[in-house]
There are 2 protein chains.
Amino acid sequence: MAKVERLALIGLGLIGGSLSLALKKNELVGEVVGYSRQLPTRLRALELGLIDRPADSVAEAVRGADVVFIATPVQAMGSVFQAMATALEPHALVTDGGSVKGSVVAAAKAALPCAQWAQFVPGHPIAGTERSGPDAAFASLFVDHRVILTPLPENSAALVARAVALWESVGAVVEQMAVQHHDHVLAATSHLPHLAAFGMVSALSRLEERYEVFRYAAGGFRDFTRIASSDPQMWRDICVANRDELLPMLDHYLDELLRLRHLIDAGDSAGIERLFVDAKAVREALYQPAQAHPD
Amino acid sequence: MAKVERLALIGLGLIGGSLSLALKKNELVGEVVGYSRQLPTRLRALELGLIDRPADSVAEAVRGADVVFIATPVQAMGSVFQAMATALEPHALVTDGGSVKGSVVAAAKAALPCAQWAQFVPGHPIAGTERSGPDAAFASLFVDHRVILTPLPENSAALVARAVALWESVGAVVEQMAVQHHDHVLAATSHLPHLAAFGMVSALSRLEERYEVFRYAAGGFRDFTRIASSDPQMWRDICVANRDELLPMLDHYLDELLRLRHLIDAGDSAGIERLFVDAKAVREALYQPAQAHPD
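Bear in mind the structure is a predicted one, so any value in this text is a computation, not a measurement.

A. Inspection of the overall build of chain A at higher detail. Assigned secondary structure in chain A consists of 13 helices and nine strands. Along the first, second and third principal axes, the C-alpha atoms of chain A reach 65 × 40 × 35 Å. For chain A, contacts bridging at least 24 residues in sequence account for 77% of all contacts bridging at least 6.

Here it is as structure tokens:
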């Protein structure tokens, strides 16, 4: 990849910070200028070396940058697009890390002047941990992880190629798909499981005997609920932004739980076993035994 | 603990095999005689050193044993109690590893002669992995894990003390509680999460676009569904055996998911965030940050 001369980083958390660290580690970026709404976050990002220079506004960060990466919660992206419009360089690639693509594309379309619209190549790195904020960033986050780009019809092939090269330079495996397809697939494997995990912890914490109950939570529960330690604001935004795909997927899950409820209520051992056997087989086909671990 | 002269192991999987390995490692057992319905399992357990001698029947395994440990799926325990009645030594401690206690106690009461009923101290080690079978056993499985005993009113204090000492000798932390309380607490933190995980994988595998969907399953999904790789027969039995506690707990979870559904449908960002913030706080209070890990 041609070196990024100046990267503008909007949003200085796990995703943005990790992209910066990865580019710096590979000596693929000249200067990183960063903006986050909170001053302490900007200062902390500077201190951690995620950015070389803090900016006081989106426009200031974007000015002179050849690559702009937006890694804020998705609900904030509309105002970011708005704020950058006056300052964006005509040769700049704009891309983002939002977990929902439909709402981000709509926000960009509403905010960006027509002349800049084609500069935006929407993206989503399928990587993350349950930790968030600048301190959570690390350079190897994207290595061997998928990044999905959902290019717009207006993007030039050359611009899309720059976005692909950017992600491949930090070790990611890049794929391209349509915006809505992305939002559907991610609703299933990411957004719904997060809902289910947040919902599980929330349900148990409403039990009167919750203190007693939680004392016996073991390793299985810890893993099952790990994603319920994810950033609440980020996931709030995702739920709202991807509502149209998420709600039918949630209903599909509720149907399945009701099916299981019926089998248990009827004492249908064979039916329960069939469902469990099938689920186990599907899951094991997904993950190598090497990734299984005790406790 | 006084050494176990002869341990009868009924059920030669992860739990039974691990108890045997742990006792052997600590030189706390003379001979281990094992029975499993399947001959290949008995031979494999012998080969792995989980048992010193295979028995051809429950009665043969139990004869001459001073400790009998039943580690079969819970639905099989009734016939195990029945089969041991003629051969059980009067001084033998009988205990089990079943994940449900109410149904096991009822099965024991129905099957054991009155004279032997008081010899049974029900137990449940809160330990396991998603792997099962004799090959999954390992000696340190119970170290620092909780074991819940649910003693019967008819158990002598001395007998309960033997059961406590047995588990403490392999590194477990033993607690005692009432049978129904056990089943209620475990329905919440173990049985319900397993249902939810099996149900999630099953729901997604019913999607027409399942192959495409599963391609994008990442680390969060892997951990969330790890328990859906658990033994289907064991979990089928648990669902049936603990139906009375599990169904109300499942309904409680469904209520919570419907509450979340309503918040998302209404676009109630503040309500969603409050629920996520609270869930994250509850979960993080449960687990030390040191146990969090990337990917």
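B. View of the relation of the copies chain A and chain B. Least-squares fitting of chain A to chain B yields an RMSD of 0.0 Å, with the transformation described by 0.0 Å of translation along the axis and a rotation of 180°. The transformation just described matches what one would write down for a two-fold rotation axis. The C-alpha atom lying nearest the rotation axis in chain A is that of phenylalanine 224 of chain A; the distance is 2.1 Å. Both copies present the same face, since 100% of the interface residues in chain A are matched by interface residues at the equivalent positions in chain B.

C. Quick look at the confidence of the model for chain A. Residues and elements named next belong to chain A. Chain-level pLDDT for chain A is 94 on average; 97% of the residues reach the 70-or-more range. Scored below 50 in pLDDT, residues 290-295 makes eight contacts in the model with residues more than four places away or belonging to other chains. Here the complex is predicted with pTM 0.88, and the ipTM for its interfaces comes to 0.88.

D. Fine view of the sheet that holds strand E3 (residues 53-54) of chain A. Residue and element names in this part refer to chain A. What the six strands build is an open sheet, ordered E3-E2-E1-E4-E5-E6; its pairing is parallel. In this open sheet, the two strands that pair with only one neighbour each are E3 and strand E6 (120-121). Strand direction decides the pairing type here: strand E2 (residues 29-35) and E3, joined by two bridges, are parallel. Opposite valine 33, over in E3, you have arginine 53 as the bridge partner. Contacts between helix H1 (residues 14-25) and the sheet are confined to strand E1 (4-10), E2 and strand E4 (67-70), with E1 contributing the most and set at about 165° to the helix.

E. How the structure looks around the domain arrangement of chain A. Residues and elements named next belong to chain A. Structurally, chain A comprises domain 1 (4-177) and domain 2 (181-291). Each of domain 1 and domain 2 has a C-alpha centre, and these two points are 30 Å apart. Taken residue by residue, the interface counts 14 residues in domain 1 and 17 residues in domain 2. Grouping the constituent residues of the side of domain 1 that touches domain 2 by class yields five nonpolar, seven polar and two charged.

F. Just the interface of chain A and chain B, in detail. Facing the 77 residues of chain A at the interface are 78 residues of chain B. Where the side of chain A that touches chain B is concerned, the elements lending two or more residues are helix H8 (179-205), helix H9 (210-215), helix H10 (219-224), helix H11 (232-241), helix H12 (243-265) and helix H13 (269-286) of chain A. Classifying every residue of the side of chain A that touches chain B gives 45 nonpolar, 14 polar and 18 charged.

G. Representation of the pairing of E1 of chain A within the structure. All names here are of chain A. Counting buried residues in E1 gives six out of seven residues, a clear majority hidden from the surface. Where E1 meets E2, six bridges bridge the pair, whose relative direction is parallel. Bridging from a neighbouring strand, leucine 7 pairs with valine 32 of E2. The parallel pair E1 and E2 is bridged by H1, and the resulting crossover is right-handed. Relative to E4, E1 runs parallel, the two being bridged by four bridges. Paired with alanine 8 across the bridge in E4 is valine 68.

H. Region of the structure containing unusual backbone geometry. The phi torsion at glutamate 27 of chain B lies on the positive side, around 55°, for a residue other than glycine. Topologically, glutamate 27 of chain B is positioned in the loop between helix H1 (14-25) and strand E2 (29-35).

I. How the structure looks around the environment of arginine 53 of chain A. Residues and elements named next belong to chain A. Among the secondary structure elements, arginine 53 is positioned in strand E3. According to the C-beta neighbour criterion, arginine 53 is partly exposed, with 13 such atoms within 10 Å. Considering only alpha carbons, one finds arginine 53 and aspartate 255, 202 residues apart in sequence, at a separation of 51 Å. When near neighbours in sequence (up to four residues on either side) are disregarded, arginine 53 contacts Glu31 and Val33.

J. Representation of H11 of chain A within the structure. Summarising burial for H11 of chain A: nine of the ten residues are buried, a large majority. Burial in H11 of chain A covers these residues: Pro232, Met234, Trp235, Arg236, Asp237, Ile238, Cys239, Val240 and Ala241 of chain A.

K. Layout of the sheet that holds strand E8 (residues 146-149) of chain A. Residues and elements named next belong to chain A. Read across the open sheet, the three strands follow the order E7-E8-E9; overall the sheet is mixed. The outermost strands of the open sheet, each flanked by one partner alone, are strand E7 (123-125) and strand E9 (173-176). For this sheet, the mean angle separating the axes of adjacent strands, direction not counted, is 20°. Two strands pair when backbone bridges link them, and E7 and E8 are joined in this way by three bridges, in the antiparallel orientation. When the sheet's bridge partners are listed, glycine 123 is paired in E8 with leucine 149.

L. Region of interest: the packing of H8 of chain A against helix H12 (residues 243-265) of chain B. Following both chains from N to C, one finds H8 of chain A and H12 of chain B inclined at 120°, their axes separated by 9 Å at the closest point. Comparing their axes, H12 of chain B and H8 of chain A come out oblique. For H8 of chain A against H12 of chain B, the interelement crossing comes out right-handed. Note on element contacts: H12 of chain B touches H8 of chain A through His252, Tyr253, Glu256, Leu257 and Leu260 of chain B, opposite Leu195, Gly199, Met200, Ser202 and Ala203 of chain A. Residues that form the contact of H8 of chain A with H12 of chain B fall into these classes: six nonpolar, three polar and one charged.

M. Geometry of helix H7 (residues 157-168) of chain B. Under the 1.5 Å per step criterion, the end-to-end length of H7 of chain B is 16 Å for twelve residues, consistent within 8% with the ideal 16 Å. Within the span of H7 of chain B, buried status applies to Leu159, Arg162, Ala163, Val164, Leu166 and Trp167 of chain B.

N. Quick peek at the pairing of E2 of chain B. Counting buried positions over the seven residues of E2 of chain B gives five, a clear majority of the element. The parallel pair E2 of chain B and strand E3 (residues 53-54) of chain B, bridged by helix H2 (residues 39-47) of chain B, forms a crossover whose chirality is right-handed.

O. Fine view of the packing of H8 of chain A against helix H8 (residues 179-205) of chain B. Running from N to C, H8 of chain A and H8 of chain B point in directions that differ by 160°, and their axes come no closer than 11 Å. Accordingly, the angle class assigned to the pair H8 of chain A and H8 of chain B is roughly antiparallel. Regarding H8 of chain A and H8 of chain B, the two cross each other, and that crossing is right-handed. On H8 of chain B, the residues touching Ala188, Pro193, Ala196, Met200 and Leu204 of chain A of H8 of chain A are Ala188, Pro193, Ala196, Met200 and Leu204 of chain B. Taken together, the residues of the contact of H8 of chain A with H8 of chain B break down into ten nonpolar, no polar and no charged.

Each value, and the rule that gives it
Residues numbered from 1 in each chain as written. Chains lettered and ligands numbered in written order. Predicted model: local features only at pLDDT ≥ 70, side-chain atom pairs only at ≥ 80, totals over all residues. Helix = DSSP H or I, 4+ residues; strand = E, 2+ residues; numbered from the N terminus. Contact = placed C-beta atoms within 7 Å. Least-squares fit on C-alpha atoms with pLDDT ≥ 70 in both. pLDDT = per-residue confidence, 0-100. Pairing = 2+ DSSP bridges. Axes fitted to C-alpha atoms, helices over the stretch in contact; angles between N-to-C directions. Domains from an automatic or database assignment. Nonpolar A, V, L, I, M, F, W, Y, C, P; charged D, E, K, R; others polar. Buried ≥ 20, exposed ≤ 12 C-beta atoms within 10 Å, placed from the backbone. Right-handed = clockwise from strand over helix to strand, strands pointing away. Parallel < 35°, antiparallel > 145°, perpendicular 65-115°, else oblique. Left-handed = near helix turned anticlockwise from the far one by under 90°. Expected span 1.5 Å × (residues − 1).

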